[in-house]
Amino acid sequence: MTKAFRQMKEDLKLVDLVIEICDARIPYSSRNPEIDKLMNAKARVVLLNKSDLADESVTKDWERAFKEAGAFAASIDGRNRSQARRVNTAIDAASEAKRQRDKRRGIMNRPVRAMVVGIPNSGKSTFINSFAGRASAKTGDRPGVTKGKQWIRQGSRLELLDTPGVLWPKFEDEKVGRYLAYVGAIKDDIFEKTNLVMTLLETLDTAAPQAISDFYGIEDAAPADMLLAVAKKRGCLKSGGEADYDKAAALILDDFRHARLGRISLERVEDEQR
């Protein structure tokens, strides 16, 4: 991580703005505070990615909150290229000051250069491939290219610089670590899956009270009882008919991550402060 941040700090000299990708289901927990500090002086576009998996009204609240905090924000499904217009609108607004500076200096039509940052599994690479196109030309004869960095051109007006997804070394709030694990930003083998899903069930009891009972056709109950009910309902059984809690937990986690339980946001603006 230290090496990645050192490189980012150096690369900031080459870009006009920063595009930060976060997960719309957990906009607070999926923003690396170290990146936030590092990028503080640059114009910022915050993209609430995977918005198709999150509660639409909650995502709109987050979008407004980021704008009120001084960032340019948009909610997107990074796989959907048809949403490029929404992204371009945010980028144009964030880079207006840069264009005015260029104009005063007599520089016309110079592409905006943007660094794309985010934590692992935030959908950063998917966004770049969808937004810029998989066959995008790499730019050459530019500062940075000779150092092995890859610039990806989107039309004639924008160049993107990809960066590795990085987490910070210590989570001050244990909840942040759990939320990152729920959405797959942390490798599954870091947490004991059954315990992780038990806490997810507790979280969903507040965020989406009927999601589990409605989807699996079981009665609302304490997390342990619901996990057992899901195991029985979906045939997650060991030999002898004993419930396979690990298998049931993996099933629930996968169903949550793919929004089969519904479009669920785990964090709301009024509950979080950055």
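Structure shown above.
Below: a short report on this structure. Quantities reported herein were computed from a predicted structural model and do not represent experimental measurements.

## Thoughts on the overall build of the chain
- Secondary structure assignment for the chain yields 11 helices and six strands.
- Principal axes of the C-alpha set define a box for the chain whose edges measure 75 × 35 × 35 Å.
- Relative to its full complement of 274 residues, the chain shows a buried share of 48%.
- Looking at the chain alone, contacts between residues at least 24 apart form 70% of all its contacts between residues at least 6 apart.
- Summing over all exposed atoms, the chain offers an accessible surface of approximately 14000 Å²; the carbon and sulfur share of this is 47%.

## Some details on empty space enclosed by the protein
- In this structure the tally under the stated criterion is one cavity of 30 Å³ or more.
- Estimated volume of the largest cavity: approximately 70 Å³.
- Along its surface, the largest cavity is lined by I76, D77, G78, N80, R81, Q83, A84, V87, F127, S130 and F131.
- Broken down by secondary-structure element, the contributors of at least two residues to the lining of the largest cavity are α4 (84-94) and α6 (124-132).
- Within the lining of the largest cavity, the residues separate by chemical class into five nonpolar, four polar and two charged.

## A look at the packing of aromatic side chains
- Under the definition given, this model contains five aromatic pairs.
- Arranged with centres 5.1 Å apart and planes meeting at 85°, the rings of W168 and F171 form a pair that is edge-to-face.
- Sitting over the face of the ring of W151, R113 holds its NZ or CZ atom 3.6 Å from the ring centroid.

## Let's talk about the side chain of R44
- In this structure, R44 sits in strand β2 (residues 43-49).
- Residue classification places R44 among the buried positions, given a relative accessible area of 10%.
- Side chain to side chain, R44 and E20 meet in a polar contact 2.8 Å long.
- Sequence-distant contacts of R44, defined by excluding residues within four places in its chain, comprise V18, E20, R31, D36, M39, A71 and F72.

## Side note on the pattern of salt bridges
- Applying the stated criterion to the full structure yields 25 salt bridges.
- A salt bridge links D16 to R110, with the shortest nitrogen-to-oxygen separation between them at 3.4 Å. Here D16 is found in the loop between α1 (2-11) and β1 (17-23), whereas its partner R110 is found in the loop between α5 (96-104) and β4 (112-118), with 94 residues between them in sequence.
- Its salt-bridge partner being R157, residue D92 comes within 3.1 Å of it at the nearest N-O pair. Taken as a pair, D92 in helix α4 and R157 in the loop between β5 (151-154) and β6 (158-162) lie far apart in primary sequence, 65 residues in all.
- Since its relative accessible area comes to 26%, D92 is described here as partly exposed.
- Since its relative accessible area comes to 48%, R157 is described here as partly exposed.

Rules of the game
Residues numbered from 1 in each chain as written. Predicted model: local features only at pLDDT ≥ 70, side-chain atom pairs only at ≥ 80, totals over all residues. Heavy atoms only, no water. Helix = DSSP H or I, 4+ residues; strand = E, 2+ residues; numbered from the N terminus. Buried < 20%, exposed > 50% of the residue type's maximum accessible area, 1.4 Å probe, protein only. Contact = heavy atoms within 4.5 Å. Areas by Shrake-Rupley, 256 points an atom, 1.4 Å probe, with all protein chains shown as cover. 1 Å grid on protein atoms, 1.4 Å probe; cavity = no way out; pocket = protein on both sides within 12 Å on 5 of 7 lines; lining within 4 Å. Points joined across faces, edges and corners; volume = space filled by probe spheres on them. Nonpolar A, V, L, I, M, F, W, Y, C, P; charged D, E, K, R; others polar. Phe/Tyr/Trp six-rings, centres within 6.5 Å; stacked < 30°, edge-to-face > 60°. Lys NZ or Arg CZ within 6 Å of the ring centre and 35° of its normal. Polar contact = N/O pair within 3.5 Å; in protein donor to acceptor, adjacent residues only side chain to side chain. Salt bridge = Lys/Arg side-chain N within 4 Å of Asp/Glu carboxyl O.

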